[in-house]
Structure formats: C-alpha cells, structure tokens
Amino acid sequence: MIRKRLKDRKLDERHEDEKNREDLFRISDNLSFQLHRKNKQRDNLRSQAHKTTESLNSLVSKMSEQVQRSEDTTSTLIHSSAVLHETHNQFNAVGATIRVGGKMISKYARRENTDKFLIGLALLVYFGVILWVLKKRVWIFSFLF
C-alpha cells in the first residue's frame, strides 16, 4: 500500500514536471511569458489575500470571544460588588443595633443600682417609722431608745 502511494506520488510529480515543461515550451515569446508571470502573480496575490482574510476573520472571532468573556467577568464582578456592598450595609446595621443594645443594657444596669438604693432607703425609712410609732405607743420601747 505504501509502495503504491509512493508510485502514485512519483507519477504525479512526473506528470506535473511534464506539464511545467510543456508550459515553458509553449511560452515562446517574451510577451506571453510576462503575461503568464503576471497571471501567476495575480493568482498568488489572490491566494495570499484569501489566506489573510481568513486569518483576520479568525482573529476577529477570537477577539469577539475574548470580549464576551470580559463582559461576563465584568458583570460577575459588578454583581459580586453589589452583594458585598449589601452585606457590608447589613453588618453596619447589625453593629449599630448591638451598640444600641449595649447602651440600653448599661442604662438598665444603672437603673437597677438606683432602684436597689431607693428600695433600701425606703426600707430604712419604713423601719424607722415603725420604730418611732412603737416608741410612741408602747412604753417598753421608750426605755430601749
């Protein structure tokens, strides 16, 4: 199979060589040769232009894909930033609530101490009044005080 391909390839090369020789012999005068050369150059330029156009189209499609990925990344970044900003605001609100709660707890602690002092003072006055009433009404307490 490989030999057959090699033979076919050699035959193709020989056929192409013969074709080129015939073309060269056919072109006898200089004007025909220049015309033939111009046609070859034009064909070469067309093929190069076609290859360049394909390359540019490929480049444009790759750039378009990259721009799309950049847009996706940007939108993801914007969304993440918005979520982060919202979370930050919520943490600030919770922090403010905790600070207010701490102030209220310290306020109630001061009130509790004030209430204890007032209750103690009221009990002292109450027992003082009881002792004063007992001293006035019962004669035994008059000897004690």
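What you are looking at is a predicted structure, and each value in this text was computed from that prediction instead of being measured.

Conventions and cut-offs
- Residues numbered from 1 in each chain as written.
- Predicted model: local features only at pLDDT ≥ 70, side-chain atom pairs only at ≥ 80, totals over all residues.
- Heavy atoms only, no water.
- Helix = DSSP H or I, 4+ residues; strand = E, 2+ residues; numbered from the N terminus.
- Buried < 20%, exposed > 50% of the residue type's maximum accessible area, 1.4 Å probe, protein only.
- Areas by Shrake-Rupley, 256 points an atom, 1.4 Å probe, with all protein chains shown as cover.
- Salt bridge = Lys/Arg side-chain N within 4 Å of Asp/Glu carboxyl O.
- Phe/Tyr/Trp six-rings, centres within 6.5 Å; stacked < 30°, edge-to-face > 60°.
- UniProt positions renumbered as here; feature names shortened; annotations may be inferred.

### Here's the deal with the overall build of the protein
Along the protein, the regular secondary structure elements total three helices and zero strands. Listed N to C, the secondary structure of the protein is α-α-α in terms of helices and strands. Counting over 145 residues, the protein shows a buried share of 1%. When the accessible surface of the protein is totalled, it reaches about 14,000 Å², and 62% of it is carbon and sulfur.

### Some points on the pattern of salt bridges
If you walk through the whole model with that rule in mind, you get two salt bridges. A salt bridge links Arg46 to Asp43, with the nearest nitrogen and oxygen atoms 3.6 Å apart. Residue Arg46 and its partner Asp43 are both found in helix α2 (residues 30-137); the two are separated by three residues, about one turn of the helix. For Arg46, a relative accessible area of 53% puts it in the exposed group. Ionic pairing is found between Lys116 and Glu112, a salt bridge with its closest N-O pair at 3.8 Å. Linking Lys116 with Glu112, this pair stays in helix α2, spanning four residues, or about one helical turn. What makes Lys116 exposed here is its relative accessible area of 55%.

### A look at the packing of aromatic side chains
According to the stated counting rule, one finds one aromatic pair in the structure shown. Summarising the aromatic geometry, the rings of Tyr126 and Phe127 are spaced 5.5 Å apart at their centres and angled 65° between planes, so their arrangement reads as edge-to-face. Accessibility expressed as a relative area gives 48% for Phe127, which makes it partly exposed.

### Digging into the UniProt feature "transmembrane region" (unreviewed entry) in the protein
According to UniProt, the feature "transmembrane region" (unreviewed entry) maps to residues 117-134 in the numbering used here. Secondary structure across residues 117-134 divides into 100% helix and 0% strand, with the first and last C-alpha atoms of the span separated by 26 Å.

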